Amino acid sequence: VHKTKNLEKILADAEEKKAKLEALQKKDAKPEEQAKATQILWSDAWKEASGDRVKDDPSKIRKALKKKVTQKTKSQKAWKTRMEQVSDQHKERQSIRKHNLDKRKQGGSAGANLSRKRIVDNEKEKGDAAAGGDDAKSRRRRSRPGFEGRKQGFLNSGKD
């Protein structure tokens, strides 16, 4: 059976076949009905032995159907999040483009160095540098570990 075949139909057929076999295998059934039931079972066994798949177990078909449904819902959810991400990225790019066009209209240094990746405001950058720390220690260049203290001169500068 091809994968695209309707699992609901396969499930209905399997349940019908199972009910038919149970009806044929009753103890009070006629011998020809019991013979027909064994013939159906043997034909299924021959199909399996020859390599064909016999899909007649309703519990397995229900499990496959449930798996297919959960896979579909998961895929729908993933697609929805993907589309939301794409729309968010599109909106962000449009806002950057609008910002860059506005700055370019101003001309001069404002329109000279524009980024395609993000919105950069010169006032914001200056504020961030000042906000780093107002004390004298943070303004002074930090020395590497092991080189603390001031340089006093070369080692052999006193000797001539």
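The structure under discussion appears in the preceding block.
Presented here is an overview of the structure given in this document. (Residues numbered from 1 in each chain as written. Predicted model: local features only at pLDDT ≥ 70, side-chain atom pairs only at ≥ 80, totals over all residues. Heavy atoms only, no water.)

### With respect to the nonpolar core
And step 1. Leu7, Ile10, Leu11, Ala14, Ile61 and Leu65 form the largest nonpolar core, which has six residues in total.
And step 2. Only α1 (7-24) and α3 (58-106) provide two or more residues apiece to this core.
And step 3. For this core, the element with the highest residue contribution is α1, accounting for four residues.
And step 4. Setting aside anything within four residues of it in sequence, one finds Leu65 in contact with Leu7, Glu8 and Leu11. (Core = buried A, V, L, I, M, F, W, Y, C linked by side-chain atoms within 4.5 Å. Buried < 20%, exposed > 50% of the residue type's maximum accessible area, 1.4 Å probe, protein only. Helix = DSSP H or I, 4+ residues; strand = E, 2+ residues; numbered from the N terminus. Contact = heavy atoms within 4.5 Å.)

### What to know about the packing of α1 against α3
And step 1. As a packed pair, α1 and α3 sit with axes 9 Å apart at the nearest point and diverge in direction by 165°. Judged by the inter-axis angle, α1 sits roughly antiparallel to α3. The handedness of the crossing between α1 and α3 is left-handed. Taking contact as the criterion, the partners of Leu7, Glu8, Ile10, Leu11, Ala14, Glu15 and Lys18 in α1 are, on α3, Pro58, Ile61, Arg62, Ala64, Leu65 and Lys68.
And step 2. Residue classes in the contact of α1 with α3 are distributed as eight nonpolar, no polar and five charged. (Axes fitted to C-alpha atoms, helices over the stretch in contact; angles between N-to-C directions. Parallel < 35°, antiparallel > 145°, perpendicular 65-115°, else oblique. Left-handed = near helix turned anticlockwise from the far one by under 90°. Nonpolar A, V, L, I, M, F, W, Y, C, P; charged D, E, K, R; others polar.)

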